[in-house]
Amino acid sequence: NSPMSVECNEDAKQVEVKVKSGARVDSKVYTFDHVFGSDSTQLQVYEGVVAPILAEVLQGYSCTVFAYGQTGTGKTHTMEGLRSDQTYATYAEDPHAGIIPRALHQMFDILEAGENEFSVRVSFLEIYNEELFDLLSSCDDNKKLKIFENNASKGSVVIQGLEEVIVPNKEKVYEIMHKGAEKRRTSETKMNKQSSRSHSIFIVTIHQKENNINGEEVIKTGKLYLVDLAGSENIGRSGAVKDRAREAGSINQSLLTLGRVINKLVEHSSHVPYRESKLTRILQDSLGGKTKTSIIATVSPAFLNLEETLSTLDYAI
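Residues numbered from 1 in each chain as written. Predicted model: local features only at pLDDT ≥ 70, side-chain atom pairs only at ≥ 80, totals over all residues. Heavy atoms only, no water.

Q: Tell me about the nonpolar core, residues and numbers included.
A: L104, F202, V204 and L224 are the most contacted members of the largest nonpolar core, which has 38 residues in total. Sorting the residues of this core by element identifies α1 (42-58), β4 (62-69), α3 (99-113), β5 (117-128), α4 (173-183), β12 (199-211) and β13 (217-228) as the ones contributing at least two each. No other element matches α1, which puts nine residues into this core. Beyond its immediate chain neighbours, meaning those up to four positions away, V204 contacts L104, M107, V120, R121, V122, G222, K223 and L224. (Core = buried A, V, L, I, M, F, W, Y, C linked by side-chain atoms within 4.5 Å. Buried < 20%, exposed > 50% of the residue type's maximum accessible area, 1.4 Å probe, protein only. Helix = DSSP H or I, 4+ residues; strand = E, 2+ residues; numbered from the N terminus. Contact = heavy atoms within 4.5 Å.)

The structure is reproduced here in structure tokens:
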């Protein structure tokens, strides 16, 4: 008897939001590249969205996957998942793993099956109130990191002091994720008791040594940015006040900038406002040019969250 329903048609790749008002029913239909209903598995989401991108990364490109939506709709669960009690031989067998462990697992399977020398390194950083923090730092001082333009590569930046951790094998991934998750800033809001109040960016860098057609040794580098964005709900709904209201304003501003940057890229605009937020500055070289970017929009079917659900779906189109 709810006045609202969210219906997912996975075959037609459409989401329909219906709202009842007396005898009247208003509806709005959204069409996407993929649609996953409430019965979808972690594996289905991964294979539909991330697995095709991984091939591009291994060819030496930079690609990005965002999880976007209001607090409590499953962004972090989609990205990180849960660690299973048992060990699985392949990424496809684990029912609980999120995108990050699955991507690393599949990456190692592909690289180890090949003949090239390779190395896999990861960084894990947090953007909180437009300040950068290293989630894998061996220090406990929460030192703010600084961004500088990368003179060696136009359109990219260097994050001074950001640690890169060598991943020796796929079994090490959960240990690295757990270390980063413990440092990430959360706080209780009306939307969720453990709401992420920051953006987190998990960066995977793959170096491969191979020989070109002339027999010369070359290094091929690919990057995968896996981004868990902070909750997109408005300040009033989240119950944020004082410092929490300031951080909510910062979150919303960076999300708006991200939306503008993506729209400008789609329009092939001569000016793209990367520099208006730390998030888009960091992701600059993985958003423009020959790259692939996917947004996973997570929504709630509850009538209470109608405004955020429509806002999220509008943002993702």
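Q: Residue-level account of the sheet that holds strand β1 (residues 4-9), with values.
A: Pairing within the open sheet is antiparallel, and its three strands lie in the order β1-β2-β3. At either margin of the open sheet sits one strand with a lone partner, and together these are β1 and β3 (24-31). Within this sheet the neighbouring strands show an average axis-to-axis angle of 15°, counted without direction. Relative to β3, strand β2 (residues 14-21) runs antiparallel, the two being bridged by eight bridges. From the neighbouring strand, K18 faces β3, where its bridge partner is S27. Against the sheet, helix α9 (residues 306-316) touches β1, β2 and β3, its axis set at about 150° to β2. (Pairing = 2+ DSSP bridges. Axes fitted to C-alpha atoms, helices over the stretch in contact; angles between N-to-C directions.)

Q: Describe the packing of α1 against α3, with residues and values.
A: Remark: α1 packs on α3, axes separated minimally by 10 Å, with the N-to-C direction vectors making an angle of 45°. The angle between α1 and α3 places the two elements in the oblique class. Crossing of α1 against α3: the hand is right-handed. Contact residues: α1 offers Q42, L43, Y46, V50, A51, L54 and L58, while α3 offers I99, R102, A103, Q106, M107, I110 and L111. Among the residues forming the contact of α1 with α3, the class breakdown is 11 nonpolar, two polar and one charged. (Parallel < 35°, antiparallel > 145°, perpendicular 65-115°, else oblique. Left-handed = near helix turned anticlockwise from the far one by under 90°. Nonpolar A, V, L, I, M, F, W, Y, C, P; charged D, E, K, R; others polar.)

Q: Can you break down α1 residue by residue, with the values?
A: Here α1 contains 17 residues, and its C-alpha end-to-end distance of 22 Å stays within 8% of the 24 Å for a straight helix at 1.5 Å per residue. When the local axis directions of α1 are compared, the greatest deviation, roughly 40°, occurs at V50, which is followed within four positions by the proline P52. Next to the buried residues of α1 lie β4, α2 (75-80), α3, β12, β13 and β14 (292-298). (Expected span 1.5 Å × (residues − 1). Bend = angle between axes of the 7 residues up to and from the residue.)

Q: Give me the packing of aromatic side chains: which residues, what numbers.
A: Here the structure, examined in full by the defined rule, presents four aromatic pairs. Summarising the aromatic geometry, the rings of Y30 and F32 are spaced 6.4 Å apart at their centres and angled 10° between planes, so their arrangement reads as stacked. Y30 sits in the buried class, given a relative accessible area of 1%. A relative accessible area of 17% places F32 in the buried class. On the basis of an interplanar angle of 10° and a centroid distance of 4.0 Å, the ring pair of Y68 and Y315 is categorised as stacked. On the criterion of sequence distance, the pair formed by Y68 in strand β4 and Y315 in helix α9 is long-range, its members being 247 residues apart. An identical accessibility class is assigned to Y68 and Y315; each is buried. (Phe/Tyr/Trp six-rings, centres within 6.5 Å; stacked < 30°, edge-to-face > 60°.)

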